[in-house]
Amino acid sequence: MSTDYSPKTPQIAPLAEGLVSRSFPAALTAEGDPEPETQAFVRTVGYNFYDDRKPEEHVRRSVTASAADGRQLHGVYLDPGFASLEPWGDMYEKIGFDSQHPVGTFVDYDKTLNAGGAEPIPARLITGVGVSPSFRRRGILKHLMTAGLARAVQDGLPLAALTASEGSIYGRFGFGPATREASVELDLRPGAEGFSLRTLPTGRVLVIDPSRARETFEEVFAAFHTRTRGSVDRQERYYRHESGEWSAEDLSTEDKKLRGAVHVREDGTVGGYVVYQFEGWENEPTTMRVHSLVAADPTSSVELWRFIADLDIVHRATYRTAPVEEPLMHALTTPRTRKVTELGDMLWVRILNPVTALEARAWSAEGEFSLSLTDPQGIAAGTFTVSVSGGMAQVTSTESTTTPQHFHLDVEALSSLYLGDVSVLTMRDAGRITAEEEADWGALAATFDSPTKPYCATHF
Ligand SMILES: CC(=O)SCCNC(=O)CCNC(=O)[C@H](O)C(C)(C)COP(=O)(O)OP(=O)(O)OC[C@H]1O[C@@H](n2cnc3c(N)ncnc32)[C@H](O)[C@@H]1OP(=O)(O)O
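Every value quoted in this text rests on a predicted model; they were computed, and no experiment measured them.

Draft legend 1. Region of the structure containing the UniProt feature "domain: N-acetyltransferase" (unreviewed entry) in the chain. Mapped onto the present numbering, the UniProt feature "domain: N-acetyltransferase" (unreviewed entry) falls on residues 57–202. The distance separating the terminal C-alpha atoms of residues 57–202 is 44 Å; by composition the span is 25% helix and 29% strand.

Spelled out as structure tokens, the structure:
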């Protein structure tokens, strides 16, 4: 691994007068209640995302899960002098929110991302970004994000990642959409084509009680994470939801609707699990909603779909976080039974350290080329030579390069290319990567492009 390179720490955009920022970990008191500052922060995040007002126990559980993930909370607050700055300055404190409640929020923590290389790499995950409607478009996000990226660079993270509420917000900070997900449904109505697989069943699918299966879910997810390019490791909340312990809508209540099943392979090991719920008799067509379908191997994934499709009285099955590319459609003799009802971006990546990040990804063929990168925050700007041999890259920061295989792009485009969701040639055709006339695009694509689409099954 090349070590003589460090990305630049970006400048932190200043806050307007009367605003201050504070950072602290999500924390519980010795009695197990949320610290007041943490409680106010979590309620503000909910408010900015238009959630309804949740009970105390919901907030306590949310903080318990956040503390287990090691989440750091970064808030922007009204400074005591704010009241004198604007004619309505003291009103906000009196009848809006008190100074314990932030007007801007930003949460970060670390998990691993499977970039296709030998092992998953650390990633700084960003979530809970919100600004009070009364304080929008005054640079609060710009401050929180530049400060967050500066921390991530100083902590040595190769990249940051998030899932975006709107597609137009994060490109300016160097994030590019890097994986997509599909909403799919199986049309199982009588008279439709039906669900018929080309293969005979293998192993057994057993119905299980999800509340007793957390350990199994964690083991299967760990195996899925290891084999799946684009996967981000799951946070505490996932297991609480999948077990039914905490309902996703209101963490203070159990989810009594959830059911589960595991696929047991011929050798007796568990290859995958599915968590699902019946949508009610009044629903037409009668629908089974899949919450999670996680498999350590493709056969288990197909077998779990066979199980769902074979459930009696179910005329439709839906799943909102399916991979863009999965074997199921081609394993069916009735491929139209699986319909994609929506397709959207999912994980957004922001490369911070091109040397570490590119050395940790998967490469498809030998090759040598250089990339000149621009970066709106200056973090990863520079020229890098990439030498790929035996599926591994050696990446070096250089002052200049004379190779004809010299390409120009910005960090947003490189971040979109990173996990292999989009091909080099498509990005060229979109005008997002350019080169000198004599460059061999086919050679770059053969080295850079990935054989299958990446898949991230973790929302955060
Ligand atoms: C990772 C996540 O958590 S995703 C969730 C993001 N949060 C939400 O969607 C909740 C509702 N929205 C909000 O809370 C706010 O509008 C935010 C967080 C999106 C933006 O916060 P603000 O403090 O208003 O942004 P700020 O003033 O710093 O704007 C920075 C830049 O982004 C642009 N921008 C901000 N919000 C948006 C948007 N929704 N769409 C397009 N551009 C935007 C601004 O115009 C500005 O552009 P410039 O640099 O060219 O001047």
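Continuing now.
Draft legend 2. Quick look at the site of the ligand. In the neighbourhood of the ligand, 22 residues make up the surrounding shell, with V129, R136, L141, K142 and S165 lying closest. Elements supplying a minimum of two residues to the shell around the ligand: β4 (121–131) and α4 (140–154). In terms of residues, the shell around the ligand owes the most to one element, β4, which gives six residues. Taken together, the residues that form the shell around the ligand break down as nine nonpolar, seven polar and six charged.

Draft legend 3. Structural view of the sheet that holds strand β1 (residues 19–25). One open sheet holds the seven strands; their spatial order is β1-β2-β3-β4-β5-β14-β6, and the pairing between them is mixed. Bordering the open sheet on either side are β1 and β6 (176–177), each of which pairs with just one other strand. In this structure, β4 lies alongside strand β5 (residues 159–162), joined through two bridges in parallel fashion. Residue pairing for β5: R124 is matched across the bridge by A160.

Draft legend 4. Representation of the sheet that holds strand β18 (residues 406–410). The strand order across the open sheet formed by five strands is β17-β16-β15-β18-β19, and the pairing between neighbours is mixed. Edge positions in the sheet fall to β17 (392–398) and β19 (433–435), since each has one partner strand and no second. Pairs of neighbouring strands in the sheet enclose a mean axial angle of 25°, with direction left out of account. Summarising the sheet, β18 and β19 pair through three bridges and their orientation is antiparallel. From the neighbouring strand, L409 faces β19, where its bridge partner is I433. Of the strands in this sheet, β15 (367–374), β18 and β19 touch helix α10 (residues 411–418), which is tilted by about 100° from β18. Sheet strands in contact with helix α12 (residues 441–448) are β15, β16 (382–389) and β18, and its direction is about 90° off that of β15.

Draft legend 5. Quick look at the environment of D233. Among the structural elements, D233 can be located in the loop between α5 (214–227) and α6 (236–242). When the C-alpha atoms of D233 and V395 are compared, they prove to be 26 Å apart, with 162 residues separating the residues in sequence. Setting aside chain neighbours within four positions, we find D233 in contact with K111, T112 and H225.

Rules used throughout
Residues numbered from 1 in each chain as written. Predicted model: local features only at pLDDT ≥ 70, side-chain atom pairs only at ≥ 80, totals over all residues. UniProt positions renumbered as here; feature names shortened; annotations may be inferred. Helix = DSSP H or I, 4+ residues; strand = E, 2+ residues; numbered from the N terminus. Near = placed C-beta within 6 Å. Nonpolar A, V, L, I, M, F, W, Y, C, P; charged D, E, K, R; others polar. Pairing = 2+ DSSP bridges. Axes fitted to C-alpha atoms, helices over the stretch in contact; angles between N-to-C directions. Contact = placed C-beta atoms within 7 Å.

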